[in-house]
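Close look at the chain arrangement
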Amino acid sequence: MRVIIKKDYDEVTDWAATYIAYRITRARPTAAKPFVLGLPMGDTPKGMYKKLVELNHAGKLSFANVVIFCMNEFIGLDKKDPQSCHSYMDEYLLKHVDTKAANIYILDGKTKSYEKECANFELAIRQKGGIDLFVGGVGADGHIAFNEPFSSLSSHTRVKTLTTETMKIKAKLFDNDIKKVPHTVLTVGTGTIMDAKEVLLLATGDSKAEATKAAIEGSVNHRWAVSALQMHRHGIYLCDEAAASKLEQDTVTYLKDIERNAY
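No experiment lies behind these values; they were computed from the predicted model shown. (Residues numbered from 1 in each chain as written. Predicted model: local features only at pLDDT ≥ 70, side-chain atom pairs only at ≥ 80, totals over all residues. Heavy atoms only, no water.)

Description of the overall build of the protein chain
Secondary structure assignment for the protein chain yields eight helices and ten strands. Here the C-alpha atoms of the protein chain give a radius of gyration of 17 Å, agreeing with the 18 Å that 2.2 N^0.38 yields for 263 residues. With the C-alpha coordinates aligned to their principal axes, the bounding extent of the protein chain is approximately 50 × 45 × 35 Å. The buried share of the protein chain, reckoned over its 263 residues, is 54%. With an accessible surface of roughly 12,500 Å², the protein chain has 50% of that area assigned to carbon and sulfur atoms. (Helix = DSSP H or I, 4+ residues; strand = E, 2+ residues; numbered from the N terminus. Rg over C-alpha atoms; globule rule 2.2 N^0.38 Å. Buried < 20%, exposed > 50% of the residue type's maximum accessible area, 1.4 Å probe, protein only. Areas by Shrake-Rupley, 256 points an atom, 1.4 Å probe, with all protein chains shown as cover.)

Quick notes on the sheet that holds strand S8 (residues 184-187)
As summarised here, the arrangement of the three strands in space is S4-S8-S7, forming an open sheet in which the pairing is antiparallel. One side of each edge strand has no neighbouring strand; the edge strands of this open sheet are strand S4 (72-74) and strand S7 (158-161). Going across the sheet, the axis of each strand differs from the next one's by a mean of 30°, ignoring polarity. In this structure, S4 lies alongside S8, joined through three bridges in antiparallel fashion. (Pairing = 2+ DSSP bridges. Axes fitted to C-alpha atoms, helices over the stretch in contact; angles between N-to-C directions.)

What to know about the sheet that holds strand S1 (residues 2-6)
If you walk across this open sheet you meet the seven strands as S1-S10-S9-S6-S2-S3-S5, and the pairing is parallel. Edge positions in the sheet fall to S1 and strand S5 (104-105), since each has one partner strand and no second. The pairing of S1 with strand S10 (residues 235-240) spans five bridges and is parallel. Within S10, the residue paired with Ile4 across the bridge is Leu238.

Notes on the packing of aromatic side chains
Taken as a whole and judged by the stated rule, the model has eight aromatic pairs. Relative to Tyr22, the ring of Tyr19 lies with its centre 6.1 Å away and its plane at 45°, an arrangement referred to as tilted. On the criterion of helical spacing, the pair formed by Tyr19 and Tyr22 is a turn pair, its members being three residues apart in helix H1 (residues 9-27). A relative accessible area of 14% means that Tyr19 is categorised as buried. Ring centres of Phe69 and Phe121 lie 5.4 Å apart, and the angle between their planes is 85°; this geometry places the pair in the edge-to-face category. Of the two residues, Phe69 is situated in strand S3 (residues 66-70) and Phe121 in helix H4 (residues 114-127); the sequence distance between them amounts to 52 residues. Residue class for Phe121 comes out buried when judged on its relative accessible area of 5%. Within the aromatic cluster, the residues linked to one another by ring pairs are Trp15, Tyr19 and Tyr22. Sitting over the face of the ring of Trp224, Arg223 holds its NZ or CZ atom 4.3 Å from the ring centroid. (Phe/Tyr/Trp six-rings, centres within 6.5 Å; stacked < 30°, edge-to-face > 60°. Lys NZ or Arg CZ within 6 Å of the ring centre and 35° of its normal.)

Focus: the nonpolar core
By size, the foremost hydrophobic cluster in this structure holds 46 residues, and its most contacted members are Leu37, Met48, Phe63, Met89, Leu93 and Leu200. If one sorts the elements of this core by residue count, H1 sits on top with eight residues. Residues in contact with Phe63, not counting those within four places in the same chain, are Ile24, Leu37, Leu52, Asn56, Ile68, Leu93, Val97, Asp98 and Thr99. Of all hydrophobic cores here, the second largest spans 41 residues; its members include Ile5, Met71, Phe134 and Val138. (Core = buried A, V, L, I, M, F, W, Y, C linked by side-chain atoms within 4.5 Å. Contact = heavy atoms within 4.5 Å.)

Looking at unusual backbone geometry
Among all residues save glycine, negative phi is the norm, and among peptide bonds the norm is trans. Phi angles above zero are rare outside glycine, and Arg28 is one such case at about 50°. With a relative accessible area of 71%, Arg28 lands in the exposed category. The backbone phi angle of Asp175 is positive, close to 60°, even though this residue is not glycine. Mapped onto the elements, Asp175 comes out in the loop between helix H5 (164-170) and S8.

By themselves, these observations are geometric and do not establish any function.
This is how it looks when you write it as structure tokens:
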């Protein structure tokens, strides 16, 4: 697992966007062989999406041959609801870049069959040859996507029940009324994420410090879903100094030294 510690949120999101653009451009995707990208919603990636849009508008990055799989969706929300993953992705990325509608995969929160919807999502990933790069944010409790603490580390796309703490965080999307927050979601599993050829996880701010310590210095265990990244052959954990604040100083010194000499 590669660990990169940047100064602050802006440096983290700038690095992430630059790396995504590099990976896409290097792959030289075509319509017949697209680059397959997994993307999250939430507060953390907003700066990253802003930078990706800027790169697209500057002619330095194209999404024309990029297939995008989005991590999750609230059960019960229509894609036009402002709190939905569909609306989020449109607002922060999709409507601003040269994506193709046929290349966008987002779970349907209004589906009549959750099991079929999840199975079809996993099938679509396989039919596209797997995800080349899965990008995700890290929750304060170590969740990735909506894989809450004690979720199976080998899980795939399914229905998950949200914890009260996660619902409190998401309440800001629902007029700060936790009663309006759906209790359940459709989400990719930790296993789905770890099946990707490469995984990039982002953690910023003091609230992510405990999760960062567990991810980097702790053991692999289902209390902290993020710890599964330790087992990935091409995993990158990208955080700012605030998120890294609970790491042992020797750990920080070592990680920064390794990255300083990276090529």
